[in-house]
Amino acid sequence: MVTSAEIGVIGGSGFYSLLDDAQEIELSTPYGPPSDVVTVGRIGSRSVAFIPRHGRDHRFPPHHIPYRANLWALRSLGVRQVLAPSAVGSLRAELGPGAIVVPDQLVDRTSGRPQTYYDEGGAVHVSFADPYCPSGRAVAVESARAAGWNTVDGGTLVVIEGPRFSTRAESRWFAGNGWTIVGMTGFPEAVLARELALCYTSLSLVTDLDAGVETGEGVTHDEVLEFFARNVTRMRTLVAEAVEALPSERGCPCGAALDGIKLPFELP
Ligand SMILES: [Zn+2]
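So, here's what we can say about the structure. Everything numeric in this text was worked out from a predicted model, so none of it was measured.

Thoughts on the coordination of the zinc ion
Six octahedrally arranged donors around a metal ideally form angles of 90 or 180 degrees; four tetrahedrally arranged donors ideally form angles of 109.5 degrees. Here the zinc ion is held by Cys133 (SG), Cys199 (SG), Cys252 (SG) and Cys254 (SG), and the distances to it run 2.2 to 2.3 Å. Because the angles between the 4 donor atoms bound to the zinc ion fall within 96 to 115 degrees, the donor set is best described as tetrahedral. In the primary structure, the donors to the zinc ion are separated according to the pattern C-x65-C-x52-C-x1-C. A residue pair is termed long-range when its members are at least 10 positions apart, and Cys199 in strand β11 (residues 199-209) and Cys252 in the segment after α5 (221-245) qualify at 53 residues. With relative accessibility at 2%, the residue Cys199 sits in the buried group.

The following block contains the structure:
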C-alpha cells in the first residue's frame, strides 16, 4: 500500500488511470481541501500522487482552483517533484494543435488569485527568475521527443485570469512580445511550488490557435475539450514516461529555494 509519494501530477481527470495500486487519501490543509481526494499509487518503480486540477467533476474553473491546498497537500505526502500537464492556446501560427511546449518562462496576467503562502509573519521573497525546474524540463523534453511529439524546448507561457479567452488585441499583444502560449492555470501553481521548494515542470499541450493568430471565429470551449479528449491517452503515456525518467535524487536548485530565508511556519 502506497501512502506517500515522491512525485506529484496535477492534471485533468483523464490521468486517473495512470496509477497502479491506487488508493485515495482525503487530506485537509491550512488552505482548505485540495481540488479532490488525492490518489496515490505507482508508475513503474515510482510513487506518485495525483490531483485532478479542476476536481473530478470539473467543478473548479481556473480562477477558483484551490492552488495553495493542492501544492501543500502534495508536499505533505512527501512529493518533491511536480509534473503539470495542461491545455494551452498557441500564439504562433506555426505551432498548431498537437504540439507540446515545455515552457521556460512565464508571464502572470492573472488577478486576485491567492499566490503566496507567506501572507503574514514576515516577508518571504523567493527567486522566480527561472520559474521551472531545469532537470524536470530536460526530462519532459526528452520524453516528448522520444514519443514522437512535435516538441518545443522553452518558450513563454502567458497565464490569463479567464475564464474567458483572450480578445484578438490581447492575443496579438502577447504574440508581439514574443510570448509562445496562453493558459489559465499555470499561475499561481508554479510560484506556489517554488514557495514550497518543489520542482515544477509544465507540459503544455497546444489545443488551438489563440484569437490573434487564427483566422476564423476564435476558439470555442467545445473545440478545446474535444481536442484534449482525443489526446488524453497519448498525454497520459507521456506523463508516465516522464515520471519514470525523473531523477530520484534532485540535483537542481529548486530544493534550495528557501535556504537562508526565515520562514514563519514549518513546511509540511
Ligand atoms: Zn528542480
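Describing the pattern of salt bridges
Within this structure, the stated rule accounts for 9 salt bridges. In this structure, the salt-bridge partner of Glu6 is Arg46, at a minimum N-O distance of 2.9 Å. In this pair, Glu6 sits in the segment before β1 (7-11) while Arg46 sits in strand β4 (residues 46-52), placing the two residues 40 residues apart along the sequence. Relative accessible area serves as the criterion here: at 6%, Arg46 is assigned to the buried category.

Rules of the game
- Residues numbered from 1 in each chain as written.
- Predicted model: local features only at pLDDT ≥ 70, side-chain atom pairs only at ≥ 80, totals over all residues.
- Heavy atoms only, no water.
- Donors = N, O, S within 2.8 Å, 3.2 Å for Na, K, Ca; no water.
- Tetrahedral: all angles 85-135°; square planar, octahedral: opposite > 155°, others 65-115°.
- Helix = DSSP H or I, 4+ residues; strand = E, 2+ residues; numbered from the N terminus.
- Buried < 20%, exposed > 50% of the residue type's maximum accessible area, 1.4 Å probe, protein only.
- Salt bridge = Lys/Arg side-chain N within 4 Å of Asp/Glu carboxyl O.

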